[in-house]
Amino acid sequence: MPVKLMPLYVSPGLARTGAGMPVAPSLAGSSTSFLSSTGTNSYTITHTVPADANCLALYVGNANNWLDTVTAVSWNGVEMGGALIHAFSQHAPVGPSAASIWALANPAIGTHDIVIELLDCDSLACCIVNLAGVDTTAPTVQTFEQEIFGSEAPPTAIYGGNLVTATPSLIFGGIVLPRPAGAASFTPDSGVMELIDGTASGDAASRHFAGWRREIAGTHRFGATCTQSGYGAAAAAAFGGM
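A few points on the structure. (Residues numbered from 1 in each chain as written. Predicted model: local features only at pLDDT ≥ 70, side-chain atom pairs only at ≥ 80, totals over all residues. Heavy atoms only, no water.)

What to know about the pattern of salt bridges
Then comes step 1: Scanning the entire structure with this criterion turns up 3 salt bridges.
Then comes step 2: A salt bridge links aspartate 189 to arginine 221; the nearest nitrogen and oxygen atoms lie 2.7 Å apart. In this pair, aspartate 189 sits in the loop between strand 12 (186-188) and strand 13 (193-200) while arginine 221 sits in strand 15 (residues 218-230), placing the two residues 32 residues apart along the sequence.
Then comes step 3: Given a relative accessible area of 14%, aspartate 189 falls into the buried group. (Salt bridge = Lys/Arg side-chain N within 4 Å of Asp/Glu carboxyl O. Helix = DSSP H or I, 4+ residues; strand = E, 2+ residues; numbered from the N terminus. Buried < 20%, exposed > 50% of the residue type's maximum accessible area, 1.4 Å probe, protein only.)

What to know about the sheet that holds strand 11 (residues 169-178)
Then comes step 1: Within the open sheet, the 5 strands sit side by side as 9-16-11-14-13. Their pairing is antiparallel. Both outer strands of the open sheet, strand 9 (140-147) and strand 13, are each paired with one neighbouring strand and no more. Across the sheet, the mean angle from the axis of one strand to that of its neighbour is 10°, orientation sign disregarded.
Then comes step 2: Judged from the 7 bridges that link them, strand 9 and strand 16 (residues 233-240) form a sheet pairing that is antiparallel. Within the sheet, the bridge partner assigned to glutamine 146 lies in strand 16 and is alanine 234. (Pairing = 2+ DSSP bridges. Axes fitted to C-alpha atoms, helices over the stretch in contact; angles between N-to-C directions.)

Here's the deal with the pairing of strand 13
Then comes step 1: For strand 13 and strand 14 (residues 206-215), the ladder comprises 7 bridges, and the chain directions are antiparallel. Within the sheet, the bridge partner assigned to alanine 200 lies in strand 14 and is serine 206.
Then comes step 2: What sits between strand 13 and strand 14 in their antiparallel hairpin is a turn of 5 residues, with glycine 202 showing a positive phi close to 160°.

Following this line, the structure appears as structure tokens:
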């Protein structure tokens, strides 16, 4: 008797079911991760964008002694403009850190350099992803930030929060924990796919997490829990489909 093969299940909210209905963006090609080993004020990272990608998204996280100092991010010599979302943390004994999400619609295809310029020497982490199927007329449908700011703020090990979207979306974000006391690591929230979990060193050490989730319209949490409490920051953006 012939065996009947069942089709693979696809969430109805992530599949196109009618003309004009949006679909959540997807990752394309390979992501690139960078964790500094020495502090400097300019970092150059090589990344490849495949032909099917129509948006470049970056998590940039840094920590230093005095100021939040990312001054410019460029791809293939093209300025990305300002960050989509930026979260800044500062605590007197620990010093400041920042997490931000940057994006560029319709990036140049191929292998090129991303250059991150800083005003001061920082530890720095970067996670770069290619997105396909982004509505580039209005790429970001929702953003989220979390900041631990001020000397009286309590430390936390739980970072993240909800993003509410009215269209299928891909959520991408990152977390920075400055000056971890020894080893530290993150466990992503349910539904969040980890891209990096590592330590950057330089002028000041920092632990970083970056990840993503692809969802239907609705309320979805982005975040992760660290093995240590600290004074960090988190930032995430939801990219809408077309």
